[in-house]
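The chain contents come next:
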Amino acid sequence: MEDIEKTFDWGAVEALLAPIHGSAKGAPGYPPLAMFKILLLQQWYTLSDPGAEEAVRDRLSFRRFCGVPLDRETPDHSSIWRFRQTVERLGLAEALLAEANRQLDARV
């Protein structure tokens, strides 16, 4: 994960995530890039939403990869689900996957 963190152009991913904004209601949302990284971890480690919630909360390497400080709560499974739904609703899933694959292919 450290290699991916260092070599990925996260700015390109953040640009694709720009249409996602937090809600004006409730607690401040998690940064879209952190949430996208959780979705990546879900794919790479075959994690359900509750499994991703637990893994990010319990694994320091996952927390570090996602950029969630130790003094901040990690996203719960419903936040992960809502983020994924937002990505799909906005039609960003295909572009995000293509960008991630492009960058991974460039590393080979």
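Everything that follows concerns the structure shown earlier in this document.
Residues numbered from 1 in each chain as written. Predicted model: local features only at pLDDT ≥ 70, side-chain atom pairs only at ≥ 80, totals over all residues. Heavy atoms only, no water.

What exactly am I supposed to notice about the environment of Thr86 here?
On the secondary structure map, Thr86 appears in helix 6 (residues 77-89). A residue is classified by how much of its surface remains accessible, and Thr86, at 19% relative accessible area, is buried. Note: C-alpha distance between Thr86 and Gln43 (43 residues apart in sequence) is 17 Å. (Helix = DSSP H or I, 4+ residues; strand = E, 2+ residues; numbered from the N terminus. Buried < 20%, exposed > 50% of the residue type's maximum accessible area, 1.4 Å probe, protein only.)

Quick question: what am I supposed to make of the side chain of Glu99 here?
With respect to the element layout, Glu99 can be found in helix 7 (residues 93-107). Here the side chain of Glu99 touches Gln103 through a polar contact of 2.6 Å, side chain to side chain. (Polar contact = N/O pair within 3.5 Å; in protein donor to acceptor, adjacent residues only side chain to side chain.)

I'm lost on unusual backbone geometry in this one. Help?
Note: most residues except glycine have negative phi, and most peptide bonds are trans. Phi is positive for Thr46, close to 50°, though the residue is something other than glycine. For Thr46, the location among the structural elements is in the loop between helix 3 (32-45) and helix 4 (49-58).

Looking at this structure, I do not really get helix 2 (residues 10-17). What am I missing?
Along an α-helix, residues three or four apart share an orientation, since each turn contains 3.6 residues. For helix 2, the full list of buried residues reads Trp10, Val13 and Leu17. Seen from one end, helix 2 has its buried residues packed into an arc of 60°, which puts them on one side. In this fold, the buried residues of helix 2 make contact with helix 1 (2-7), helix 3, helix 5 (60-66), helix 6 and helix 7. Of the residues that open helix 2, the one with a side-chain oxygen 3.2 Å from the backbone nitrogen of Gly11 is Asp9. (Arc of directions from axis to C-beta. Contact = heavy atoms within 4.5 Å.)

The values reported here are purely geometric and, on their own, carry no functional implication.
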